[in-house]
Amino acid sequence: MKVLSAEEVSKHNKKDDVWVILHGKVYDLTKFLPEHPGGQKIILKYAGMDATKAFEPIHPPDIIDRFLPPEVCLGEIDKQSLAKQPKVESAEEKRLRIAHKNKPNLSEMYNSFDFESVAKNILSPAAWAYYSSGSDDEVTMRENHSAFHRIWLRPRVLVNVKDVDMSTTMLGTKTSMPLYITATALAKLGHPEGETVLTKACAKNNLIQMVPTLASCSFDEIVDAATPQQTQWLQLYVNSDRDVSKKFVEHAEKRGIKGLFITVDAPQLGRREKDMRQKYEDEAPDEIERSHTQVDRSSGAARAISSFIDPSLSWEDMKWFRSITKMPILLKGVQTAEDAVLAAKAGLQGVVLSNHGGRQLDFAPSAIEILAEVMDALRAEQLDKNFEVYVDGGIRRGSDIFKAIALGAKGVGIGRPALFAMSSYGVDGVDHLIKLFRDELEMVMRLMGAPTLKHITRNMVDISNIKAHVTNPTDYLAHHAYDQMLPRGKLSKL
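Residues numbered from 1 in each chain as written. Predicted model: local features only at pLDDT ≥ 70, side-chain atom pairs only at ≥ 80, totals over all residues. Heavy atoms only, no water.

**Some thoughts on the overall build of the chain**
Inference 1: Across its full length, the chain holds 21 helices and 17 strands.
Inference 2: Per-residue burial for the chain yields a buried fraction of 56% across its 494 residues.
Inference 3: Contacts in the chain between residues at least 24 apart in sequence constitute 75% of all its contacts with a sequence separation of at least 6.
Inference 4: Entry remark: accessible area of the chain is about 23,200 Å², with carbon and sulfur atoms responsible for 52%. (Helix = DSSP H or I, 4+ residues; strand = E, 2+ residues; numbered from the N terminus. Buried < 20%, exposed > 50% of the residue type's maximum accessible area, 1.4 Å probe, protein only. Contact = heavy atoms within 4.5 Å. Areas by Shrake-Rupley, 256 points an atom, 1.4 Å probe, with all protein chains shown as cover.)

**Side note on the pairing of strand S4 (residues 25-28)**
Sheet faces and side chains relate simply in a regular strand, where the side chains alternate between the two faces.
Inference 1: Here four bridges tie strand S3 (residues 17-22) to S4, and the two strands are oriented antiparallel to one another. Residue pairing for S4: valine 20 is matched across the bridge by tyrosine 27.
Inference 2: Taking the residues between adjacent antiparallel strands as the criterion, S3 and S4 are bridged by two residues, where histidine 23 takes a positive phi near 50 degrees. (Pairing = 2+ DSSP bridges.)

**Notes on the pairing of strand S12 (residues 260-263)**
Inference 1: Here S12 shows a buried face lined by Leu260 and Ile262 and a second buried face lined by Phe261 and Thr263.
Inference 2: Here strand S11 (residues 232-236) runs beside S12; their pairing, made up of three bridges, is parallel. When the sheet's bridge partners are listed, leucine 234 is paired in S12 with leucine 260.
Inference 3: Between S11 and its parallel partner S12, the chain crosses via helix H12 (residues 242-254), and the hand of that crossover is right-handed.
Inference 4: Where S12 meets strand S13 (residues 329-334), four bridges bridge the pair, whose relative direction is parallel. Paired with threonine 263 across the bridge in S13 is lysine 332. (Right-handed = clockwise from strand over helix to strand, strands pointing away.)

**Focus on helix H7 (residues 112-122)**
Inference 1: Taken as a whole, H7 has its buried residues at Ser112, Asp114, Phe115, Ser117, Val118, Ala119 and Ile122.
Inference 2: Buried residues along H7 sit in contact with helix H6 (91-102), helix H8 (125-132) and helix H20 (416-448).
Inference 3: Its side-chain oxygen 3.0 Å from the backbone nitrogen of phenylalanine 113, asparagine 111 forms the N-cap of H7. (Polar contact = N/O pair within 3.5 Å; in protein donor to acceptor, adjacent residues only side chain to side chain.)

**What to know about the sheet that holds S11**
Inference 1: Ordered in space as S9-S10-S11-S12-S13-S14-S15-S16, the eight strands form a closed barrel in which the pairing is parallel. Strand-to-strand twist of the sheet, defined as the mean angle between neighbouring strand axes without regard to direction, takes the value 30 degrees.
Inference 2: As judged from the three bridges shared by strand S15 (residues 388-392) and strand S16 (residues 411-414), these two strands associate in the parallel manner. Its bridge partner lying in S16, valine 391 is registered against valine 412. (Axes fitted to C-alpha atoms, helices over the stretch in contact; angles between N-to-C directions.)

**What about unusual backbone geometry?**
Inference 1: Despite not being glycine, glutamate 138 shows a phi value in the positive range, around 60 degrees.
Inference 2: Position of glutamate 138 relative to the elements: it lies in the loop between H8 and helix H9 (139-146).

**Thoughts on the nonpolar core**
Inference 1: In terms of nonpolar packing, the biggest core is built from 107 residues, with Leu353 and Leu371 touching the most fellow members.
Inference 2: Setting aside its immediate chain neighbours within four residues, leucine 371 contacts Leu353, Val389, Val391, Ala404, Leu407, Gly408 and Ala409.
Inference 3: In terms of nonpolar packing, the next biggest core, distinct from the first, is built from 18 residues, Leu29, Leu33, Ile64 and Leu68 among them. (Core = buried A, V, L, I, M, F, W, Y, C linked by side-chain atoms within 4.5 Å.)

**A look at the side chain of serine 81**
Inference 1: Tracing the sequence through the fold places serine 81 in helix H5 (residues 79-84).
Inference 2: The exposure class of serine 81 is buried, given its relative accessible area of 8%.
Inference 3: A polar contact is formed between the side chain of serine 81 and the backbone nitrogen of alanine 6, at a distance of 3.0 Å.

**With respect to the sheet that holds S4**
Inference 1: Taken together, the five strands give an open sheet; going across it, the order is S1-S5-S4-S3-S2, and neighbouring strands pair in mixed fashion. At either margin of the open sheet sits one strand with a lone partner, and together these are strand S1 (3-4) and strand S2 (13-14).

**Section: the environment of glutamate 138**
Inference 1: Given the relative accessible area of 14%, glutamate 138 is considered buried.
Inference 2: Each C-alpha atom of the pair glutamate 138 and glycine 358 lies 6.7 Å from the other, and the pair is 220 residues apart in sequence.
Inference 3: Leave out the neighbours within four places in its chain, and glutamate 138 touches Ser132, Ser133, Lys274 and Asp362.
Inference 4: Within the local environment of glutamate 138, its side chain forms a polar contact with the side chain of lysine 274, the two groups lying 3.4 Å apart.

**Here's the deal with H12**
Inference 1: Helix length check: H12 (13 residues) gives 18 Å between terminal C-alpha atoms against 18 Å at 1.5 Å per residue, within 8%.
Inference 2: Where H12 is concerned, the buried positions are Arg242, Val244, Ser245, Phe248, Val249 and Ala252. Along H12, the residues classed as buried sweep out an arc of 155 degrees about the axis, all on the same side. Exposed and facing more than 90 degrees away from the buried side of H12 are Lys247 and Lys254.
Inference 3: At the exit of H12 stands glycine 256, carrying a positive phi of roughly 95 degrees. (Expected span 1.5 Å × (residues − 1). Arc of directions from axis to C-beta.)

**Describing the packing of H12 against helix H16 (residues 317-324)**
Inference 1: Following both chains from N to C, one finds H12 and H16 inclined at 40 degrees, their axes separated by 10 Å at the closest point. With respect to H16, the element H12 is oriented oblique. In the crossing of H12 with H16, the sense of the turn from one axis to the other is right-handed. Touching Arg242, Lys246, Val249, Glu250 and Glu253 of H12 are Asp317, Trp320 and Ile324, all from H16. (Parallel < 35°, antiparallel > 145°, perpendicular 65-115°, else oblique. Left-handed = near helix turned anticlockwise from the far one by under 90°.)

Structure (structure tokens):
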């Protein structure tokens, strides 16, 4: 293969003559420029330069080989000449480098909030805005966690809790605890290895990973990173081109995916204003390329990558989905008892009670708030057998997991906490986070007199206040006298 110098490549930096360097190879993208689904601006920004750093966080590595003819590859870059190119560190890059260098030791992370406080300092503004944003006034996003505070525990004593076993079975898979890492998009915004970091951490802890449609890594990269014994589920945004979704589902089943979770709470994207203030400049995920969809880069990452989602998806489509796969099918994003009952009547295998992490409809209820009424409605219709109910949103403590199990959930999903741990400390960070959840849950089970998950019952929690969407007046004297606990990232300057 021909070897090209960095100086030669740098000459081809105009709209009618565009070369870029990607993963050590030089590509002539001049003819492809008008056809790029993400628009011309992002390619022109790196014309004549090494675009690998910008390309890699979002783009699956095999995208060029799959979508462009081989002749666009002109040769390999001369690494010595590339190394001689001046590298200018921007002020933001310098800030992030120093923040990473000065972050606390992993051993100092005592809870999920510690990871969040560190991640806020070490993530780029665009990544933090995408990961942390909720819709509109972010009331539902905050309520997801606050709702757990309205559930009180009723401990039982004099129970033999010397040995605590929190293992369970979810969709037929034995797992170490009733926790899974749910689907979250664009993991490479936080870590260069993207979703595979979460894959490896799940493998270490015998947990299930839900693979997102809008992953930074390709689907096959994520599946290839799993161990042979590891179980993965697939989260699906239904494409307006149903043939695209059909091929994706069939491929996932062939690769051994054990559950299909269809997202149903996103016929239109919520207004995530923190994210909208950022201009999305990274490359588009795999699903966007499969759809040949235009990417709106004017209003943040979420809007840039979601334009292919089909708003016409309805109950009538469930029969079709059942016809194309033998995987268990669950609906992700159910927010009422009525829809949970309809899902069971449609022959589906379960639901995830979720409001998309508070990122869609503001003032939608939290999953934990509606869990009890969902279980009551299913039992009333005798639909609760062989129908699994999961919750996500707001899970930050082992006690939150306990409360969800007590109210009837089969398991719970975490999203943001895993992203923050991944972004801050990689695989070791996510592994540590999972151990914190496990230690907290074990402690709560022991103090509650519940040696196994089967011993966790509804009468162990008081939910009489769960529907009270009110706040007490602030007691300023007590508030200012209280020695506030701070997450680790706030205790010293990063």
